Amino acid sequence: MKRVFSGVQPSGMIHLGNYSAMQNFVKLQEDSNNDCFYCIVDLHSVTVPQDPKVLYENSLELAALYIAIGLDPKKVTLFLQSQVPAHTELAWLLQCNSYMGELNRMTQFKDKSQKMTSVTTGLYTYPILMAADILAYDTNYVPVGDDQKQHLELTRDIALRFNNKFGNTFTVPEGIYPKVGARIMSLDDPTTKMSKSNPNEFSKIGLLETDAKIKKSIMRATTDSDSEIRLDWENKPGVSNLLTLYSVFGNISIKELEEKYKGQGYGNLKKDLVQVIINYIKPIKERYNELRGSDELKEILKEGAMRANEISSDVVKRVKDKMGFVQF
Ligand code: ATP
Ligand code: LTN
């Protein structure tokens, strides 16, 4: 069996960029050789200020969304990070085996902290908590978007170094990235990634968005003054982003799209893309609404946490043994 692990933060509505990475979560569950763990990484969310009531609601919303996009709790383990103590315990042990120089190189920390007036130490050490999430399950594969590549490399470095120092302990994980849509860009500024934390509501499209809002966001998306429809990230990032979204959600290749829209203006491309996205997310919204208030959801998370605890507590014991801690 191969172990798969990934996590999403419950810090706002899941957008099309997140979903593009999460499509791989669903694909990987279909292979019966994979044992998949998908986590709501609530401890990562509190690296920046959170309103407790909002965090609570967002965590359950994300759990319902995991299932609404097609994850089957009978096939995969769904759980809340804060319900499994191994994550924070291992994070401490790993913090004592990694270096400030490594964390200082993390571009996500540099980007995020620059925009803040006060920065928590949790935001700084966050990549080590992520490494702990992954290594606590002897993970082989980590499906994520492009933006997490650097964090995954750090995880691999930490695992390899620990193995060299203390003897073989951790499985060294590999990232799995979407072939198309590994980085969906903001609709208002296609040179930055679509992000939950962007305050402009028209920069992103959430999975539970109304049809009217989807239409407005796409129709006002930034393009360029030219009118040719082709993939060219350097000169036409806005159009390239729209083509990528169309390809991911319309299940059609970019080549076919370039052919289809030859000689047509951006208006037609945008109008059709609005419909493609609305049709795609309609069944997700319906399933979400059925699940959101149900007791079933909390049961699924409780069972998930039990299974996650079983696996990860064994790994933490192994690590503590290697480091010389007395255990009974
Ligand atoms: P923020 O941008 O506010 O830090 P986020 O949108 O990156 O948050 P996460 O919960 O941190 O949200 O990410 C969940 C998953 O979505 C990760 O696998 C991440 O790589 C992926 N992801 C996030 N943004 C994009 C994007 N614009 N394009 C493709 N994948 C993305
Ligand atoms: N850092 C990730 C979320 C995340 C994650 C993980 C992804 C936390 N732990 C473990 C994969 C595996 C992010 O911000 N997108």
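Residues numbered from 1 in each chain as written. Chains lettered and ligands numbered in written order. Predicted model: local features only at pLDDT ≥ 70, side-chain atom pairs only at ≥ 80, totals over all residues. Heavy atoms only, no water.

1. Focus: the site of ligand 1
Step number 1: Every one of the 20 residues lining ligand 1 counts as a neighbour, but Asp147, Ile184, Lys193, Ser195 and Lys196 are closest to it.
Step number 2: Between Asn18 and ligand 1, the recorded distance is 3.0 Å, taken from a side-chain N or O atom to an oxygen atom.
Step number 3: Within the contact set of ligand 1, an oxygen atom lies 2.8 Å away from a side-chain nitrogen or oxygen of Lys112.
Step number 4: Element by element, the count of residues in the shell around ligand 1 is highest for helix α1 (residues 16-29), at three residues.
Step number 5: Split by residue class, the shell around ligand 1 holds six nonpolar, nine polar and five charged. (Near = heavy atom within 4 Å. Polar contact = N/O pair within 3.5 Å; in protein donor to acceptor, adjacent residues only side chain to side chain. Helix = DSSP H or I, 4+ residues; strand = E, 2+ residues; numbered from the N terminus. Nonpolar A, V, L, I, M, F, W, Y, C, P; charged D, E, K, R; others polar.)

2. What about the site of ligand 2?
Step number 1: Close contacts around ligand 2 come from 13 residues, with Gln9, Tyr126, Met130, Asp133 and Gln148 the closest.
Step number 2: With the chains in place, 91% of the 370 Å² that ligand 2 exposes on its own is no longer accessible.
Step number 3: Elements with a minimum of two residues in the shell around ligand 2: β1 (2-8) and α7 (121-135).
Step number 4: The biggest single contributor to the shell around ligand 2 is α7, with four residues. (Areas by Shrake-Rupley, 256 points an atom, 1.4 Å probe, with all protein chains shown as cover.)

3. A word on the side chain of Thr139
Step number 1: Within the secondary structure, Thr139 sits in the loop between α7 and β4 (141-143).
Step number 2: Here the side chain of Thr139 touches Ile134 through a polar contact of 2.7 Å, landing on its backbone oxygen.
Step number 3: Leaving out residues up to four positions away in the same chain, Thr139 has contacts with Arg3, Val4, Phe5, Ile134, Thr171, Val172 and Pro173. (Contact = heavy atoms within 4.5 Å.)

4. Focus: the nonpolar core
Note on soluble globular proteins: their nonpolar side chains tend to be buried together.
Step number 1: Counting 59 residues, the largest nonpolar core has Leu16, Tyr38, Tyr66, Leu71, Leu78, Leu207 and Ile277 as the members making the most contacts within it.
Step number 2: It is helix α12 (residues 266-291) that contributes the most residues to this core, 11 residues altogether.
Step number 3: Beyond its immediate sequence surroundings of up to four residues, Tyr38 is in contact with Val4, Ser6, Asn24, Phe25, Leu28, Tyr66, Leu71, Val76, Thr77, Leu78, Phe79 and Pro143.
Step number 4: Listed in part, the 39 residues of the second largest apolar core include Phe5, Phe37, Leu123 and Ala136. (Core = buried A, V, L, I, M, F, W, Y, C linked by side-chain atoms within 4.5 Å. Buried < 20%, exposed > 50% of the residue type's maximum accessible area, 1.4 Å probe, protein only.)

5. Points about helix α8 (residues 149-166)
Step number 1: Its 18 residues place the ends of α8 26 Å apart at the C-alpha level, agreeing with the 26 Å of an ideal helix rising 1.5 Å per residue.
Step number 2: Of all the residues in α8, the buried ones are His151, Leu152, Leu154, Thr155, Ile158, Ala159, Phe162 and Asn163. Projection of α8 onto a plane perpendicular to its axis shows the buried side chains occupying an angular sector of 165°, all on one side. Summarising the geometry of α8, the exposed residues directed more than 90 degrees from the buried face are Asn164 and Lys165. (Expected span 1.5 Å × (residues − 1). Arc of directions from axis to C-beta.)

Nothing here speaks to function; it is all geometry.
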